[in-house]
Amino acid sequence: MCGRFAIHSPTDQIAARFGTVGQLPEFGPRYNAAPLQMLPVVRAHPETKERRLGLLRWGLLPVWSKDAAGAARMINARAESVPEKPAFRSAFRKRRCLIPFDNFYEWKADGKAKQPYAIGTTGNEKPDAFAGLWEGWKDPATGEWLHTFTIITTTANDATRDVHDRMPVILPPADWPAWLGEEEAGDDRLVGLMRPYPADRTRLWPVHRDVGNVRNDRVDLIEPINPA
DNA sequence: CCAGACGTTGTT
DNA sequence: GTCTGG
DNA sequence: CCAGACGTTGTT
DNA sequence: GTCTGG
C-alpha cells in the first residue's frame, strides 16, 4: 500500500514536468509526507483541460461524511474495486488526479520489528506520479470546504513483493491525459491503466527507522542506510 | 417508505 | 450522494 | 503508513 | 485491542 512518501522536487520543476498553469502553491521539500497533510496534487479543469497544481489533504472524505474523523482510513483505494465502491465510484468517473512523488515508503514486517524501505522508479525525469482520486467535502460544523484525495493501490511487482504485497499505481506520462480526463476514456480504458509499475524499472533500498515518526522530516530519511 | 451503510491495511 | 435491506 | 492515546456524566 | 492524529 502506500501510507507515506517523499516529494522534494522543487515546485517549479513539478509544474514544468506536469505542464501546469497558474499560481504555484507554497510548498517546500518533504521527505516524510503523511496522511491528513496538505500535499501537492495535479488536476485538469474539466472544461478548459488546463492542468493546475494545488494543495489537497491526504485522506478522501466522501461527500456524505458527517465529520472528518474517517479520513485517515481513506488514504488508499483498491484499483480492483474502485469503479464500484460507493465511496470512490463518482470520483473514479469524474475526479481523477495525479500525485507527484519522488519515492514512497513501505515497511517490511520482520517479527516485531519493521524495516522501512524507500521505493522509486529508475526514470531520470522527476517527479513521478501516483494515480489518485479527489473529492470536495463541506464541513457541516463550519461550512468550510475541504478538498481531499486518495492514492490508488494495486498488487506489488516482483521488485517490491518481498517487502509488501501492495503498491501504489504509478502512471507514466503517456497515461496522464486519459487519467486526468483530457482524453475521453471509458471504464475499461481507465481500469487498464491501474496496473503494477514494471519491476525492471523499480528500485528499492532500506532507510532509517526514523521515517516511522511523522515528526521527522529530513533529507537523510531517503538515503540508503548502512547494514548494521 | 425510511434507516443504515458506505473504506483500507495487516495480523493470527 | 446513492444504494440496499427491512 | 506509524505513533500515541485509550474516561464519564448531564445539559441546551 | 482499537481508534485518532499526523
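Residues numbered from 1 in each chain as written. Chains lettered and ligands numbered in written order. Predicted model: local features only at pLDDT ≥ 70, side-chain atom pairs only at ≥ 80, totals over all residues. Heavy atoms only, no water.

Named according to an unreviewed UniProt entry, chain A is Abasic site processing protein originating from Azospirillum picis.

**Q** I keep staring at the protein's contact with DNA strand E and nothing clicks. Help me out?
**A** Near DNA strand E you find R4, P35, L36, A72 and V214, and these make up its full shell. Within 4 Å of the protein, the atoms of DNA strand E are drawn from sugar and phosphate moieties in a proportion of 7%. Here a base nitrogen of DNA strand E and a backbone polar atom of P35 are 3.4 Å apart. When the residues that make up the surface near DNA strand E are grouped by side-chain class, the tally is four nonpolar, no polar and one charged. (Near = heavy atom within 4 Å. Polar contact = N/O pair within 3.5 Å; in protein donor to acceptor, adjacent residues only side chain to side chain. Nonpolar A, V, L, I, M, F, W, Y, C, P; charged D, E, K, R; others polar.)

**Q** Honestly, the environment of P86 in this entry has me stumped. Any pointers?
**A** For P86, the location among the structural elements is in the loop between β5 (76–78) and α2 (89–94). Along the backbone, P86 and C2 are 84 residues apart, and their C-alpha atoms lie at a distance of 21 Å. (Helix = DSSP H or I, 4+ residues; strand = E, 2+ residues; numbered from the N terminus.)

**Q** Please explain the pattern of salt bridges as it appears in this structure.
**A** Pairing is possible between side chains that carry opposite charge, provided their charged atoms lie close to one another. Following the criterion strictly, the structure yields 15 salt bridges and no others. The salt bridge involving R93 is made with D187; its shortest N-O contact spans 2.6 Å. Here D187 lies in helix α4 (residues 187–193) and R93 lies in helix α2, a separation of 94 residues in the sequence. A relative accessible area of 39% places R93 in the partly exposed class. (Salt bridge = Lys/Arg side-chain N within 4 Å of Asp/Glu carboxyl O. Buried < 20%, exposed > 50% of the residue type's maximum accessible area, 1.4 Å probe, protein only.)

**Q** When you look at the side chain of N157 in this model, what are you seeing that I'm missing?
**A** Inspection of the secondary structure puts N157 in the loop between β10 (145–155) and β11 (166–168). A polar side-chain atom of N157 sits 2.7 Å from the main-chain carbonyl oxygen of Y197. Polar side-chain contacts of N157 include one of 3.1 Å to the side chain of T202. Among all residues touching N157, those that are not within four sequence positions of it are M167, P196, Y197, P198, A199 and T202. (Contact = heavy atoms within 4.5 Å.)

**Q** Hey, could you run me through the packing of aromatic side chains in this one?
**A** Each pair of aromatic rings is reported with the distance of its centres and the angle of its planes. Taken as a whole, this structure holds nine aromatic pairs when the rule is applied. Both rings, one in F5 and one in F130, keep their centres 5.5 Å apart while their planes meet at 85°; by these two values the pair is edge-to-face. Of this pair, F5 sits in strand β1 (residues 5–7) while F130 is found in strand β9 (residues 128–138), placing the two residues 125 residues apart along the sequence. F130 matches F5 in its accessibility class, with the two residues each being buried. (Phe/Tyr/Trp six-rings, centres within 6.5 Å; stacked < 30°, edge-to-face > 60°.)

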